[in-house]
Amino acid sequence: MRTPPSRSDWIRTRFLRLMSHELRTPLTSIRGYSELLVTGRAGPLSDQQQRMVTMIDLSAVRLHGIVEDLIVVASLDAGDFRLRLEPTRLAAVVARAADEVATTARDAGVTIAPDIATDLVVAADPRHLHRALSNLLTGAVATCPAGGTVAVTATGHHAATTVAVVVAGGRPDPLLARLLCAGPVDTAELDGAELDGAGIGLTVARAVVEHHGGRLDVTTDPGTGTRIAVTLPSADLPSRAVTSDR
């Protein structure tokens, strides 16, 4: 049985929800205008102006992702986080997540290499699974050295399908494993770290996977890098709304 939230918990959840929704409106305007500038639809820009506007656009996209993560955190705190499970083609969700992180990866000199069979289907909420995978890829790119590769593969069985995100090259970042397996860490540990700014997203990714009835495992090896394994139930069920209260 779920313990009723204390008044302080209620206030925190209420604050997160209000703040997140209040930030959405101006962020939507910023993203809309920055997209017009980046694509040249508002007129030609010099190379320097193009670089500046691109950075503005990337920052707006990143902030939008943080706001979405905060909304998930508020729902988890309130115990009303909902998933709408349906048979979901894994390759399409991975491709969308990789596209979302592609610019960040390119700027970091990192290659994202998805290789997912098109016939793999999982029982998932496509929107939330996309957010979890996007957050995992963002964290993987942040810890991957320039010139390295983040490979995404999957293996399917009758009952479950496992997605593997492998950061090849460089030394494994122990903070990545701690954020994914143990939850939030002290903010002082994130200051100046490669994962600075990714802490909320990685915590949300773990929670989303677990609310799908899945599992997230991290293994590190100085020779092969870091492997993040996300195991999800294979799809063999009708669409339905689920209130997760785990």
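Residues numbered from 1 in each chain as written. Predicted model: local features only at pLDDT ≥ 70, side-chain atom pairs only at ≥ 80, totals over all residues. Heavy atoms only, no water.

A word on the pattern of salt bridges
Here is step 1: What the rule picks out here adds up to four salt bridges.
Here is step 2: Where Glu 35 meets Arg 41, a salt bridge forms, and the shortest distance between an N and an O atom there is 3.4 Å.
Here is step 3: Under the relative-accessibility criterion, Glu 35 is labelled partly exposed at 42%.
Here is step 4: When its relative accessible area of 56% is taken as the criterion, Arg 41 is described as exposed.
Here is step 5: A salt bridge links Arg 215 to Asp 217; the nearest nitrogen and oxygen atoms lie 2.8 Å apart. (Salt bridge = Lys/Arg side-chain N within 4 Å of Asp/Glu carboxyl O. Buried < 20%, exposed > 50% of the residue type's maximum accessible area, 1.4 Å probe, protein only.)

Details of the sheet that holds strand S6 (residues 215-221)
Here is step 1: Spatially, S2-S4-S5-S7-S6 is the arrangement adopted by the five strands of the open sheet, whose pairing is mixed. Of all strands in the sheet, those with a lone pairing partner are strand S2 (111-115) and S6, marking the two edges. Taken over all neighbouring pairs, the strand axes of this sheet differ in orientation by 15° on average, direction set aside.
Here is step 2: Relative to strand S4 (residues 149-156), S2 runs parallel, the two being bridged by five bridges. Bridging across to S4, Thr 111 finds its partner in Thr 149. (Pairing = 2+ DSSP bridges. Helix = DSSP H or I, 4+ residues; strand = E, 2+ residues; numbered from the N terminus. Axes fitted to C-alpha atoms, helices over the stretch in contact; angles between N-to-C directions.)

A look at helix H2 (residues 47-78)
Here is step 1: Taking 1.5 Å of rise per residue, 32 residues should cover 46 Å, and H2 covers 47 Å from first to last C-alpha, within 8% of that figure.
Here is step 2: All of the buried residues in H2 are Val 53, Asp 57, Ala 60, Gly 65, Val 67, Glu 68, Asp 69, Leu 70, Ile 71, Val 72, Ala 74 and Ser 75.
Here is step 3: Following H2 by one or two positions, Gly 79 has its phi on the positive side, about 80°. (Expected span 1.5 Å × (residues − 1).)

Looking at the packing of helix H3 (residues 90-107) against helix H4 (residues 126-143)
Here is step 1: Where H3 contacts H4, the two axes come as close as 9 Å, and the packing angle between them is 40°. As the angle between them shows, H3 and H4 are arranged oblique. Handedness of the crossing formed by H3 with H4: right-handed. Contacts between H3 and H4 involve Leu 90, Val 93, Val 94, Arg 96, Ala 97, Ala 98, Glu 100, Val 101, Thr 104 and Ala 105 from the former and Pro 126, Leu 129, His 130, Leu 133, Ser 134, Leu 137, Thr 138 and Val 141 from the latter.
Here is step 2: Looking at the contact of H3 with H4, its residues break down into 12 nonpolar, four polar and two charged. (Parallel < 35°, antiparallel > 145°, perpendicular 65-115°, else oblique. Left-handed = near helix turned anticlockwise from the far one by under 90°. Contact = heavy atoms within 4.5 Å. Nonpolar A, V, L, I, M, F, W, Y, C, P; charged D, E, K, R; others polar.)

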